[in-house]
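This is what each chain is made of:
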Amino acid sequence: MKITNPLASGMGPADYFTGVVVVDSVRNPDEFSGIGCAHVRFTPGARTAWHKHPKGQTLYVTDGIGYVCQRGGMVREIRAGDVIFTDPGEEHWHGATRDHFMSHIAMHEADADGKTVVWLEHVTDAEYGNI
Ligand code: MN
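All values derive from a computational prediction rather than experimental measurement.

Trainee: Explain the overall build of the chain here, please?
Mentor: Scanning the chain from terminus to terminus reveals one helix and twelve strands. Counting from the amino terminus, the chain carries its helices and strands in the arrangement β-β-β-β-β-β-β-β-β-β-β-β-α. Against the globule reference of 14 Å for 131 residues, the chain gives a C-alpha radius of gyration of 14 Å, in line with a compact fold. Projected onto the principal axes, the alpha-carbon positions of the chain cover approximately 45 × 25 × 25 Å. For the chain, the residues scored as buried account for 35% of the 131 residues in total. Residue pairs at least 24 apart in sequence account for 69% of intrachain contacts in the chain once pairs closer than 6 positions are excluded. Surface exposure of the chain reaches about 7400 Å², of which carbon and sulfur atoms provide 54%. Within the chain, one finds 11 positive and 17 negative side-chain charges whose respective centroids are separated by 1 Å.

Trainee: What is the right way to look at the environment of asparagine 28 in this model?
Mentor: Here asparagine 28 shows up in the loop between strand S3 (21-27) and strand S4 (35-42). For asparagine 28, a relative accessible area of 48% translates into the label partly exposed. Separated by 57 residues in the primary sequence, asparagine 28 and phenylalanine 85 place their C-alpha atoms 19 Å from one another. In this view, asparagine 28 contacts Leu7 and Ile35; residues no more than four positions away in its chain are not counted. A polar contact of 3.2 Å, which involves the side chain of asparagine 28, links it to the side chain of serine 25.

Trainee: Just to check I follow, could you spell out the coordination of the manganese ion for this structure?
Mentor: Expected angles at a metal are 109.5 degrees for tetrahedral coordination by four donors and either 90 or 180 degrees for octahedral coordination by six donors. The manganese ion binds to the protein through His51 (NE2), His53 (NE2), Gln57 (OE1), His92 (NE2) and His94 (NE2), with metal-donor distances spanning 2.1 to 2.2 Å. For the manganese ion, the single-chain donor residues occur in sequence as H-x1-H-x3-Q-x34-H-x1-H. In this pair, glutamine 57 is assigned in strand S7 (residues 57-70) and histidine 92 in strand S10 (residues 92-96), connecting sequence segments 35 residues apart. Taking relative accessible area as the criterion, glutamine 57 reaches 3% and is therefore assigned buried. Looking at histidine 92, the relative accessible area reads 1%, which means it is buried.

Trainee: Help me understand the packing of aromatic side chains, please; the structure alone is not making it clear to me.
Mentor: Each aromatic ring pair is described using two quantities: the centre-to-centre distance and the angle formed by the ring planes. For the structure shown, the criterion picks out five aromatic pairs. Here the aromatic rings of tyrosine 16 and tryptophan 119 are separated by 4.8 Å at their centres, their planes lie at 10 degrees, and the arrangement is stacked. Of the two residues, tyrosine 16 sits in the loop between strand S1 (10-11) and strand S2 (17-18) while tryptophan 119 sits in strand S12 (residues 118-119), which places them 103 residues apart along the sequence. Ring centres of phenylalanine 17 and phenylalanine 42 lie 6.4 Å apart, and the angle between their planes is 55 degrees; on these two criteria the pair is classed as tilted. Here the residue phenylalanine 17 occupies a position in strand S2, and phenylalanine 42 occupies one in strand S4, the gap between them amounting to 25 residues. Residue classification places phenylalanine 17 among the buried residues on the basis of a relative accessible area of 10%.

Trainee: Explain the pattern of salt bridges to me, please; I cannot follow it from the model alone.
Mentor: Note that side chains of opposite charge can pair when their charged atoms are close. All told, the structure shown has six salt bridges when counted by the stated rule. One salt bridge connects arginine 27 with aspartate 30, and the closest N-O pair in it is separated by 2.8 Å. A residue is classified by how much of its surface remains accessible, and arginine 27, at 26% relative accessible area, is partly exposed. Where arginine 47 meets aspartate 125, a salt bridge forms, and the shortest distance between an N and an O atom there is 2.9 Å.

About the cut-offs
- Residues numbered from 1 in each chain as written.
- Predicted model: local features only at pLDDT ≥ 70, side-chain atom pairs only at ≥ 80, totals over all residues.
- Heavy atoms only, no water.
- Helix = DSSP H or I, 4+ residues; strand = E, 2+ residues; numbered from the N terminus.
- Rg over C-alpha atoms; globule rule 2.2 N^0.38 Å.
- Buried < 20%, exposed > 50% of the residue type's maximum accessible area, 1.4 Å probe, protein only.
- Contact = heavy atoms within 4.5 Å.
- Areas by Shrake-Rupley, 256 points an atom, 1.4 Å probe, with all protein chains shown as cover.
- Lys, Arg positive; Asp, Glu negative; His and termini not counted.
- Charge placed at Lys NZ, Arg CZ, Asp CG, Glu CD.
- Polar contact = N/O pair within 3.5 Å; in protein donor to acceptor, adjacent residues only side chain to side chain.
- Donors = N, O, S within 2.8 Å, 3.2 Å for Na, K, Ca; no water.
- Phe/Tyr/Trp six-rings, centres within 6.5 Å; stacked < 30°, edge-to-face > 60°.
- Salt bridge = Lys/Arg side-chain N within 4 Å of Asp/Glu carboxyl O.

Structure representation (structure tokens):
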């Protein structure tokens, strides 16, 4: 057994997120396992850019009220306790609602190139408001 707390909380970079997002890495893929996991906290109005995961992604909402949206679909509300699975290659985004925080645990697996995510363009205000 090993208990560590080596990584400082990081701000979600502006290239990949809109608004204030704090990312705590739980584990990064390494030579033992391709599993990546992070605790991600979105302040009201904050969200990811559009993106996709080569091996899919599981989200477990731990707090608050948020949104998830797949390309071509409507924005859907998510709440603490919800589990969301996005298929490999499915373009989507996730984030908080306008007036609530939302936190989730994100779990995903690296592909043969070590990639867990492919980032695309930012989510516009019009797309964010497409409820
Ligand atoms: Mn995702």
